[in-house]
Amino acid sequence: MSDILDRQYQLKKFFKLLYQDREEEEYIRIFQNNNKDFQKISYFNDIDDLVKYATSKYVKYNNTYFTLATTNGKGGTKKDLLNRYFLAFDFDKKDYQQGFNHIDILNKFRDAKIHYHALVDSGNGYHVYVCINKTDDIDKVKEVQEALCNKLKADKNAIKTTQILRVPYTYNIKN
């Protein structure tokens, strides 16, 4: 399988896992920037279209992020959020001792007795995803995620209700 087809296959599996019961009127918001003068927001209600876009030339020179909550397709503020299907935790390497890696993350989750569903290298750290039952109670998700974030010692800045995280297989051009 070619690299691009393999990435598309893996991304499709990833997004289908995270948004298992998503309704057609729910959108996944994509935010892009190049840390200079470019910003773009796109909305996808079809995972195949999202995957094609996320593996296209349009993402090559931009940071590409997705919202953790589905949206109404009109914005990314709290009033635009519809449902959550998973929790996400960010572990930046800069916040831990030298040599910090995915094994340390696995141990954190094992010790806390929390089952995770996906672990992704974000370029400067790791993102871990925990699937939950679909809910529109965004405040309850934030409350649970805060408690688990404290227990896991994850990045507290990455648990906002409007949080975005890097799309796997896209470039990290922060530096």
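Read on for an overview of the structure.

Reading guide: rules and limits
- Residues numbered from 1 in each chain as written.
- Predicted model: local features only at pLDDT ≥ 70, side-chain atom pairs only at ≥ 80, totals over all residues.
- Heavy atoms only, no water.
- Pairing = 2+ DSSP bridges.
- Helix = DSSP H or I, 4+ residues; strand = E, 2+ residues; numbered from the N terminus.
- Axes fitted to C-alpha atoms, helices over the stretch in contact; angles between N-to-C directions.
- Contact = heavy atoms within 4.5 Å.
- Phe/Tyr/Trp six-rings, centres within 6.5 Å; stacked < 30°, edge-to-face > 60°.
- Buried < 20%, exposed > 50% of the residue type's maximum accessible area, 1.4 Å probe, protein only.
- Lys NZ or Arg CZ within 6 Å of the ring centre and 35° of its normal.

1. Points about the sheet that holds strand β6 (residues 118–121)
- Taking strand neighbours across the sheet as the criterion, the four strands line up as β4-β5-β7-β6 in an open arrangement whose pairing is antiparallel. Each having just a single partner strand, β4 (69–71) and β6 make up the two edges of the open sheet. Sheet twist, expressed as the average angle between the axes of neighbouring strands with direction ignored, equals 35°.
- Pairing of β4 with strand β5 (residues 81–92) involves two bridges; the strand directions are antiparallel. Note that in β5 the partner of Thr71 across the bridge is Leu81.
- Most of the contacts of helix α4 (residues 138–152) go to β5, to which it runs at about 15°, and overall it touches β4, β5 and β7 (125–135).

2. Brief notes about the packing of aromatic side chains
- Going through the model one piece at a time under the given rule, you end up with 17 aromatic pairs.
- Their ring planes at 20° and their centres at 6.3 Å tell us that Phe15 and Tyr19 sit as a pair that is stacked. Here Phe15 and Tyr19 have matching classes, each one buried.
- Aromatic side chains Tyr96 and Phe100 sit 4.1 Å apart centroid to centroid with 10° between the ring planes, which places their arrangement in the stacked category.
- An aromatic cluster is defined as three or more aromatic residues linked by ring pairs; in this entry it consists of Phe14, Phe15, Tyr19, Phe66, Tyr85, Phe86 and Tyr129.
- Note that Arg84 overlies the ring of Phe86, its terminal NZ or CZ placed 5.9 Å from the centroid.

3. Quick word on the environment of Asp48
- Topologically, Asp48 is positioned in helix α2 (residues 47–54).
- For Asp48, a relative accessible area of 34% gives the class partly exposed.
- Along the sequence, Asp48 and Tyr9 sit 39 residues apart, while their C-alpha atoms lie 9.8 Å from each other.

4. A short note on the environment of Ile30
- For Ile30, the location among the structural elements is in strand β1 (residues 28–33).
- Note: C-alpha distance between Ile30 and Val167 (137 residues apart in sequence) is 8.7 Å.
- Aside from chain neighbours lying at most four places away, what touches Ile30 is Lys40, Ile41, Ser42, Phe44, Leu50, Tyr53, Thr64, Tyr65, Phe66 and Val167.

5. Some remarks on the pairing of β7
- Of all the eleven residues making up β7, eight are buried; the element is thus mostly covered by neighbouring parts of the structure.
- Bridge analysis of β5 against β7 gives eight bridges, and the strand direction is antiparallel. Its bridge partner being in β7, Leu87 is matched across the sheet by Val130.
- Hairpin remark: β6 followed by β7, antiparallel, with three residues in the connecting loop; positive phi at Gly123, about 105°.

Any functional reading would require information that these geometric values do not contain.
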